[in-house]
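# Architecture and fold: a report
The residues making up each chain are set out below.
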Amino acid sequence: MIQTVIFDMDGVIVDTEPVHKYAYHEHFKQLGIEITPEIYASFTGNSTKNIFERLKFEFNLKDDVQTLVETKRNLFNDAFDNNEDLRLLDGVEALIKDLYANGMQLVLASSSAKVTINRIFNRFQLHQYFTHIVSGEDFPKSKPHPAIFEHAAYLSQTPVESCIVIEDSTNGIIAAKAAGIYCIGYDSFHSKMQDYSLADEVIRDFCQLNFEKIKAINP
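Quick summary incoming for the structure in this document.

Rules of the game
- Here the residue index of a chain counts from 1 through its sequence in written order.
- Residue-level local features of this predicted model are given only where pLDDT is at least 70; pairs of side-chain atoms are given and counted only at 80 or more, and the full residue set underlies all totals for whole chains, interfaces and linings.
- With hydrogens and water stripped out, all remaining heavy atoms of the structure feed into the side-chain values.
- An axis is simply a line fitted to the C-alpha atoms; with a helix, the fit covers only the stretch in contact. Between two such axes, the angle follows the N-to-C directions and lies from 0 to 180 degrees.
- Going along the chain from the N terminus, every DSSP run of H or I of four or more residues is numbered as a helix, and every run of E of two or more is numbered as a strand.
- An angle below 35 degrees is treated as roughly parallel, one above 145 as roughly antiparallel, one from 65 to 115 as roughly perpendicular, and anything else as oblique.
- For any pair of crossing helices, the crossing counts as left-handed if the nearer helix is rotated counterclockwise from the farther one by less than a right angle, and right-handed if it is rotated clockwise.
- Whether two residues are in contact is decided by their heavy atoms, any of which lying within 4.5 Å being enough.
- A pair of strands is treated as paired once DSSP finds two or more bridges between them.
- All residues other than Ala, Val, Leu, Ile, Met, Phe, Trp, Tyr, Cys, Pro, Asp, Glu, Lys and Arg, Gly among them, are scored as polar; the first ten of these are nonpolar and the last four charged.
- Buried Ala, Val, Leu, Ile, Met, Phe, Trp, Tyr and Cys residues form a nonpolar core when they are joined through side-chain atoms within 4.5 Å.
- Exposure categories follow from relative accessible area, calculated using a 1.4 Å probe and restricted to protein chains: below 20% of the type maximum is buried, above 50% is exposed, and the middle band is partly exposed.
- When the centres of two rings from Phe, Tyr and Trp lie within 6.5 Å, Trp using its six-membered ring, the rings pair. Their planes under 30 degrees apart give stacked, over 60 give edge-to-face, and anything left gives tilted.

Packed helix pairs are specified by the crossing angle of their axes together with the interaxial distance, meaning the distance between the axes. Closest axis-to-axis distance for the helix α1 (residues 17-31)/helix α3 (residues 48-59) pair is 14 Å, and the angle between their directions is 25°. Judged by the angle between their axes, α1 and α3 are roughly parallel. Crossing angle aside, the handedness with which α1 passes α3 is right-handed. Between α1, through Tyr24, His27, Phe28 and Leu31, and α3, the contact on the second element is made entirely by Thr48, Ile51, Phe52 and Leu55.

Next up, the structure:
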């Protein structure tokens, strides 16, 4: 029986992708580098640190990785604070409340930095529903490496066969499956150039999920 639901954040709980995209591309312009849509799509599910480690190597950037990360983060924070239209994705708040009310443990496993996660959780008052928050900045390798989901399951004290992951990215789905966890792929209209073929099932609307359906999953 499923006891723990592990949520990704960006693209699953809230669509911060337009804000991230703005911040990244503003930074790319400052750095004088050109990133194709295909390369940008491959970043999905990776931590900012890992992305800039890759870009520093590929473009021989002079700034150290931490400086690059902080510059992008500041651009994101400014854009986030000025975006009054930012909302939780349709149906996800009702799902979170339904699972919580029925005693399901909820854990967040996001590639975002803790400061970004807390900014979003504070804005939408989500801390009360989640027992643990796991940030990708705590791991040397990003999704598709399974470490973040393995650690989320460990913190939940739930066997991986009693967990599920809800993910919207190719890298996240690969990571969940590599951790041995049943994965629901969330393919929304926000998703761009992601592959859901490895997901155990795919949904396109959170109305397709509720506590009873999740509890009945048999990985």
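With that out of the way, let us pick up the sheet that holds strand β5 (residues 182-186). An order of β3-β2-β1-β4-β5-β6 is seen for the six strands of this open sheet, with the pairing classed as parallel. A strand with exactly one partner marks an edge of an open sheet, and here the two such strands are β3 (132-135) and β6 (201-203). Looking at each pair of strands side by side, their axes are set apart by 25° on average, direction ignored. Here strand β2 (residues 105-110) runs beside β3; their pairing, made up of four bridges, is parallel. Pairing of Ala109 across the sheet is with Val134, part of β3. Taken strand by strand, helix α6 (residues 114-124) contacts β2 and β3, and its axis lies near 140° from that of β3.

Below, the discussion takes up the packing of α3 against helix α4 (residues 65-81). At a minimum axis separation of 9 Å, α3 and α4 run at an interaxial angle of 125°. When the interaxial angle is binned, α3 and α4 end up oblique. Between α3 and α4 the crossing geometry is right-handed. Here Thr48, Lys49, Phe52, Glu53 and Lys56 of α3 come into contact with α4, specifically with Val65, Leu68, Val69 and Lys72. A breakdown of the residues in the contact of α3 with α4 according to their chemical character gives four nonpolar, one polar and four charged.

Among the nonpolar cores identified, the biggest contains 41 residues, and Phe7, Ile13 and Ile166 are the most heavily contacted of them. In contact with Ile13, not counting residues within four places along its chain, are Phe7, Asp8, Leu88, Leu89, Val92, Ile96, Leu108, Leu126 and Phe130. Within the second largest apolar cluster, 20 residues are counted, among which are Ile6, Ala153, Ile181 and Tyr196.

On inspection of all chains with the given rule, the structure shows ten aromatic pairs. Relative to Phe80, the ring of Phe76 has its centre 5.8 Å away and its plane inclined at 25°; by these criteria the two rings are stacked. On the criterion of helical spacing, the pair formed by Phe76 and Phe80 is a turn pair, its members being four residues apart in helix α4. As far as the burial class goes, Phe76 and Phe80 line up, both buried. Counting every residue linked through ring pairs, the aromatic cluster contains Tyr24, Phe28, Tyr40, Phe43 and Phe52.

Any link to function would need more than the numbers given here.
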